[in-house]
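Each chain, letter by letter, is given below.
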There are 4 protein chains.
Amino acid sequence: MTFPAPLTGVVPPVCTPLTPGREVDVPSLLRLVDHLVGAGVHGLFVLGSTSESAFLTDAQRRLVVEAVAGHVGGRLPVLAGAIDMTTPRVLEHVRAVTAAGAEAVVVTAPFYARTHPSEIVHHYRRIAALSPVPVIAYDIPVAVHTKLPPELVLGLAGDGVLAGVKDSSGDLAAFRELVTGARAHPGFAVLTGSELIADAALALGADGAVPGLANVDPHGYVRLYRQCRAGDWEGARAEQDRLCALFGLTGAGDPARMGGSSSALGAFKAALRLRGVIDCAVTAEPQVPLSGEETEKVAKYLAAAGLL
Amino acid sequence: MTFPAPLTGVVPPVCTPLTPGREVDVPSLLRLVDHLVGAGVHGLFVLGSTSESAFLTDAQRRLVVEAVAGHVGGRLPVLAGAIDMTTPRVLEHVRAVTAAGAEAVVVTAPFYARTHPSEIVHHYRRIAALSPVPVIAYDIPVAVHTKLPPELVLGLAGDGVLAGVKDSSGDLAAFRELVTGARAHPGFAVLTGSELIADAALALGADGAVPGLANVDPHGYVRLYRQCRAGDWEGARAEQDRLCALFGLTGAGDPARMGGSSSALGAFKAALRLRGVIDCAVTAEPQVPLSGEETEKVAKYLAAAGLL
Amino acid sequence: MTFPAPLTGVVPPVCTPLTPGREVDVPSLLRLVDHLVGAGVHGLFVLGSTSESAFLTDAQRRLVVEAVAGHVGGRLPVLAGAIDMTTPRVLEHVRAVTAAGAEAVVVTAPFYARTHPSEIVHHYRRIAALSPVPVIAYDIPVAVHTKLPPELVLGLAGDGVLAGVKDSSGDLAAFRELVTGARAHPGFAVLTGSELIADAALALGADGAVPGLANVDPHGYVRLYRQCRAGDWEGARAEQDRLCALFGLTGAGDPARMGGSSSALGAFKAALRLRGVIDCAVTAEPQVPLSGEETEKVAKYLAAAGLL
Amino acid sequence: MTFPAPLTGVVPPVCTPLTPGREVDVPSLLRLVDHLVGAGVHGLFVLGSTSESAFLTDAQRRLVVEAVAGHVGGRLPVLAGAIDMTTPRVLEHVRAVTAAGAEAVVVTAPFYARTHPSEIVHHYRRIAALSPVPVIAYDIPVAVHTKLPPELVLGLAGDGVLAGVKDSSGDLAAFRELVTGARAHPGFAVLTGSELIADAALALGADGAVPGLANVDPHGYVRLYRQCRAGDWEGARAEQDRLCALFGLTGAGDPARMGGSSSALGAFKAALRLRGVIDCAVTAEPQVPLSGEETEKVAKYLAAAGLL
């Protein structure tokens, strides 16, 4: 299939189920894909932050893409993160994930190295020049400690370097600037990474959403997307309110014992296990697992949202 | 050879010379090693931040370690960075660099993922359990956006998990806490990563220094180290003053055009080329090269320091 | 008049016009008030950040409140900032501005001193206990370098300590948490400080907006507010788009020459002078004035928005 | 007396003892001054951060300066902080504290307002032009969230705008740049605000130290200063080690209950009360008081340092 221009709809960043020994649990991964596709999502994003991409070895990353792309078989677009520190290392991942079947790559600004906007521009230009598939910018300051300036992204959109942007910055004013500026670039996709203000982002004119919580409740986000597209803002607000309440599960882990990734990713996986989608809720090292009590909390959020 | 406990002296983070096509320039790399060894340095640290480790592919990283370890042949200890985001990915690098001959690995806190002290502890414990060689913690908040708390490092020193720490945090008060605390752990090495306050760090009782500028002027840092060890604090201060002036070359690149890595690493390489040590000053992508005028500035710093 | 519970509508943070000698220009200030009141705004907020409160002496602050409260004469509510570092100093301002006629005070978290949530709670409790008028929390992390946690604000709302919150944090997800939580506290006002996503904030259920740009175009924000209240989201989006374009004037000042306050506040005042509302565009020291060329840019934004 | 150029020696930032009702406790304050002067300190800095300047009302600030300057009667220089957000407000404090007897004023970069180096320069120029006494820059990024660039400070030193700098940034490499650059400006004082690396700062060539902990142990810092001046670096290191251990008392307060200011300033005052210097350890609001157990910890630190 041709990659859609622009990409639209709900595109969950797919969790990566692991076995107790911390290998990729392919059967669980494929059940998760079926769970998402069955709910009507419009694309799949593997090897993102929610996928624990930062924790997966190169072999595990490759296996994930092969398994998902092979299973989906072109029914909907499969994007893959090519998450690494700088251009040469990202390019290795671009080669690997596209060989494994990814139809677009999602790339952050350089990190670890101190960077500059001119270097970010060169980074994306170089990657786009060598990538066989469209490149989507991934704006995630909490991870890379740089915010992609909207005018930089729009400049690269105008030059055909970028096919879209996934904005996980939380800055809706900057997001609006992207949406407004992207009107001049019809094939360019502006996607929000927010679980909590997806309705607001879509109301502004976003093309779609990439919410981690859609692993747990894909039907909810698909409903929300349809309501927004239909202009049913009241319905959308009610659905979003429900999803915001459900999002509380990401705080199940005790912040005195673990970091935010452990809590949020651990809770997504606990929820997927409780819903019977995956076999095991283990997360990659060095993340701290949720306790039994913390998993109980996740169950309560699911029950309150009508998901158990 | 047995890895020294504690590691002491001047241990330069070795630059990685590249060809114009951005492959590792092994002959230049080995000339750089000879330049450092000939000046009397006490160890070599490859694949650190100054080595552009964040920019090198896995194949390039392996080649660097093999070339340097093979060339050095046990004459002095070779440490290698195992720089990556999280435990499983770091462990892959530990396997690769130790197979290639590294006698110790240098490991940062997790990055990209949001982390927590308990996760950092688990990260180091897990790596040390699986590493065939000693593990040295690398505290570099400017890159990983986490400061290693001294008490965390000292706890791991006490448990035999860590063999040392390279502190590039710039926080001399916290460094002093490390030095003071490490008196209880005789084999544990406390090393400063600072070019500018190496004399002060050694005066506090640091075991050694890992200054990027030692690529350019290894004789200066070896002199400084010997003066400090001999208690010649006046001589050390004068030498350090000279090195601080020389360090000005790292600001040769225009900050309106490039980031700090481009400027500093570009200047180190320009200086090494001007001094006839390496063939080509190119840095890895997406870094911005120094202009001719900026390279002139580097030459002036070298001349002022008596190095041209 | 009784202070409304909750406060609703458009409540501009009123600029403080200065004379060329940097005294408060009372006639210009009153013309600005008339300009705002005439446009139908619902309240006035003096001595906020946009008012250059941080730059005004105590005598100037008092003069501003007296002039505005006296001129308004109870026709609409007048809120005043009591902006200072800690509880005792804020309390002095509370006394001064309420003596001068303010009907509510707007108070940030402590700044300069390193603070803790329990101290922020105590700060607000103490101020509310001693204030003769309602207290509104002012969440402005860019200035005070602390984000007020939504649950802290809502706890104080529940206890009757706070009568509202002005959120200038830019974090719409946290703002949504405030709006949702405030449903349990009917008299509590949740106000956005954003110029750029006022429509989104109102769509979520915000009670009102406190946009600095409303000095320049109060009619625009009043229209936007009415459209949102009427459920005319398409009209609101178009109006907001126009205001977002106009907001570009805040970037008129060259960032190589001046900080963000100089540029934004200088541009608001230049616009007010160009529109004939105030006599002089001078800002307080040490702010850098806009150049003639930069003022030209402001004029172009006004013209494009149909305001000249 | 003429203000010394440069100011040298140990210049404690004097704590402000309060009564249980949180008024300035003048008798305790004067006993504290005697305690410091008797130990041989070389100057007194009132209304600094350690003095809880950020928490004192204008009347309290004035009272402190009058009491201390009157009591000292020219025996040693009295500096006063003029801590406020911007130029006009700082100038009000400059007027007040110099009228009350301060012989130099200590001034930070602007805060609360977003600022720019050119504005910081203008700020200091304007204040120096209108101040009847020398102006000393106060570099305290933890409070004002801006680091004064060394070249900016040195430029103002060269122009005679600044008479010195108190560096509480913790960045010893930048401090060295100040010391080195200040050699060209013989009357300009470079003072460290660090308790923990005062010996290192003096070894680099600092003119003096302004350590908050000198309230508790002025004899220790005076000894340390004399050892450094005499070139007794071993003795200085031992003394500094003792003071570093004593500094542990600043962590007596539980970080889960209070901020860093509450803990450190509360511990200084608890120590002064335990040592019989002041009557009451209360700190200004909204700071959290130390518990009995936490005060016990302070006592243990004092005992271990031989101060009880």
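Cut-offs used in this document
- The residue count restarts for each chain, going from 1 along the sequence in the order it is written.
- Chain A is the first chain written and ligand 1 is the first ligand written, with later ones labelled in order.
- Reporting in this predicted model follows two pLDDT cut-offs: at least 70 for local features of residues, and 80 or more for side-chain atom pairs to be given and counted; totals over whole chains, interfaces and linings ignore these cut-offs and use all residues.
- Just so you know, side-chain values use all the structure's heavy atoms and leave hydrogens and water out.
- The classification of residues rests on relative accessible area computed with a 1.4 Å probe and restricted to protein chains. Under 20% of the type maximum is buried, over 50% is exposed, and intermediate values are partly exposed.
- Here a strand is any run of E in DSSP of at least two residues, a helix any run of H or I of at least four, and the numbering for each starts at the N terminus.
- When DSSP finds at least two bridges between two strands, those strands are taken to pair.
- Handedness of a crossover: with both strands directed away from the viewer, a clockwise path from the first strand across the helix to the second marks it as right-handed.
- Every residue pair with non-hydrogen atoms within 4.5 Å of one another is taken to be in contact.
- Joining two parts hides part of their accessible area as seen by a 1.4 Å probe, and the buried area is that hidden amount summed over both.
- Salt bridges, as used here, are contacts in which a Lys or Arg side-chain nitrogen is within 4 Å of a carboxyl oxygen on Asp or Glu.
- Pairs of N or O atoms within 3.5 Å make up the polar contacts considered here, provided that, within protein, one atom can donate a hydrogen while the other can accept it, and that residues adjacent in sequence are counted only when both atoms are side-chain atoms.
- Residues are grouped as follows: Ala, Val, Leu, Ile, Met, Phe, Trp, Tyr, Cys and Pro are nonpolar; Asp, Glu, Lys and Arg are charged; every other residue, Gly included, is polar.
- UniProt positions are given in the numbering used here, feature names are shortened, and annotations may be inferred rather than shown by experiment.
- Working convention: axes come from line fits to C-alpha atoms, limited for helices to the stretch in contact. Angles between N-to-C directions cover 0 to 180 degrees.

Chain A has the name Dihydrodipicolinate synthase family protein in an unreviewed UniProt entry, where Streptomyces malaysiense is given as its organism.

What follows covers the pairing of strand β4 (residues 104-108) of chain D. Residues and elements named next belong to chain D. Among the 5 residues in β4, 5 count as buried, and that is most of the element. Pairing analysis gives 3 bridges linking strand β3 (residues 78-81) to β4, with the strands arranged parallel. The residue bridging Gly 81 from the neighbouring strand is Val 106, located in β4. In the classification by handedness, the crossover that spans β3, the intervening helix α3 (residues 87-99) and the parallel β4 is right-handed.

The next thing to look at is the interface of chain A and chain B. Facing the 48 residues of chain A at the interface are 48 residues of chain B. Summing the contributions of chain A and of chain B, the shared interface buries around 3800 Å²; its carbon and sulfur component is 57%. Of all residues in chain A, Arg89(A), Tyr112(A) and Arg114(A) bury the most surface against chain B, accounting for 22% of the area lost on that side. Notably, a salt bridge pairs Asp84(A) with Arg89(B), separated by 3.4 Å at the nearest N-O pair. Counting every contact that joins chain A to chain B gives 26 residue pairs in polar contact (both at pLDDT 80 or more). Looking at the side of chain A that touches chain B, the elements with two or more residues in it are α2 (58-72), α3 (87-99), α4 (117-130), α5 (141-144) and α11 (260-274) of chain A. In the side of chain A that touches chain B, the residues fall into 20 nonpolar, 18 polar and 10 charged.

Right, let's get into the UniProt feature "active site" (unreviewed entry) in chain A. All names here are of chain A. Under the UniProt annotation, "active site" (unreviewed entry) lies at Tyr 138 and Lys 166. These annotated residues cover 29 residues of sequence, and their C-alpha atoms all fall within 4.9 Å of one another, placing them together at a single site. Mapped onto the secondary structure, Tyr 138 falls in strand β5 (residues 135-139). Judged by its relative accessible area of 2%, Tyr 138 is buried. Engagement of the side chain of Tyr 138 in a polar contact is seen with the side chain of Ser 49, the distance being 2.8 Å. A distance of 3.3 Å separates polar atoms of two side chains, one belonging to Lys 166 and the other to Tyr 138.

Right, let's get into the arrangement of the chains. In this view chain B stays clear of chain C, with the nearest C-alpha atoms of the two still 10 Å from each other. Structurally, chain A and chain D remain out of contact, their C-alpha atoms never closer than 10 Å.

With that out of the way, let us pick up the UniProt feature "binding site: pyruvate" (unreviewed entry) in chain A. Residues and elements named next belong to chain A. Mapped onto the present numbering, the UniProt feature "binding site: pyruvate" (unreviewed entry) falls at Thr 50 and Val 210. For this annotated set, covering 161 residues, all C-alpha atoms fall within 10.2 Å of each other, a compact arrangement in space. Positionally, Thr 50 belongs in the loop between β2 (44-46) and α2. Residue classification places Thr 50 among the buried residues on the basis of a relative accessible area of 13%. With sequence-adjacent residues up to four places away left out, Thr 50 is seen in contact with Pro 13, Cys 15, Gly 212, Asn 215, Leu 265 and Phe 268. Within the secondary structure layout, Val 210 lies in the loop between β8 (208-209) and α9 (218-229). Apart from the residues lying within four places of it in its own chain, the contact partners of Val 210 are Val 11, Pro 12, Pro 13, Phe 45, Lys 166, Leu 191, Thr 192 and Gly 193.

With that settled, the discussion passes to the interface of chain A and chain C. Each side of the interface is counted separately: chain A has 19 residues, and chain C has 19 residues. Both faces combined, the contact of chain A with chain C buries some 1400 Å², and carbon together with sulfur accounts for 49% of it. Here chain A is connected to chain C by 6 salt bridges. With a shortest N-O distance of 3.0 Å, Asp241(C) and Arg183(A) are connected by a salt bridge.

With that settled, the discussion passes to the pairing of strand β7 (residues 189-192) of chain B. All names here are of chain B. Residues Ala 189 and Leu 191 line one face of β7 and the alternating positions Val 190 and Thr 192 line the opposite face, and both faces are buried. Judged from the 4 bridges that link them, strand β6 (residues 164-167) and β7 form a sheet pairing that is parallel. Bridging across to β7, Asp 167 finds its partner in Thr 192. Handedness of the β-α-β unit built from β6, helix α7 (residues 172-182) and β7 comes out right-handed. With 2 bridges connecting them, β7 and strand β8 (residues 208-209) associate as parallel partners. Looking at the pairing, Leu 191 lines up with Gly 208 of β8. As a crossover connection, the stretch from β7 through helix α8 (residues 198-204) into β8 is right-handed.

Now for the pattern of salt bridges. What the rule picks out here adds up to 67 salt bridges over all chains. Its salt-bridge partner being Asp58(B), residue Arg89(A) comes within 2.9 Å of it at the nearest N-O pair. A residue pair is termed interchain when its members come from two chains, as with Arg89(A) in helix α3 and Asp58(B) in helix α2 (residues 58-72). Among the residues examined, Asp58(B) registers a relative accessible area of 28% and is labelled partly exposed. With a closest N to O distance of 2.7 Å, Arg242(C) and Asp217(C) form a salt bridge. Of the two residues, Arg242(C) is situated in helix α10 (residues 233-247) and Asp217(C) in the loop between β8 (208-209) and α9 (218-229); the sequence distance between them amounts to 25 residues.

What follows is about the sheet that holds strand β7 (residues 189-192) of chain C. Residue and element names in this part refer to chain C. With parallel pairing, 8 strands are arranged side by side in an open sheet as β1-β8-β7-β6-β5-β4-β3-β2. Only two strands of the sheet have a single neighbouring strand rather than two, namely β1 (9-10) and β2 (44-46). As defined by bridge partners, strand β4 (residues 104-108) adjoins strand β5 (residues 135-139) across 4 bridges and the pair is classed as parallel. Looking at the pairing, Val 107 lines up with Ala 137 of β5. Across the face of the sheet, helix α2 (residues 58-72) comes into contact with β2 and β3 (78-81) while running at roughly 165° to β2.

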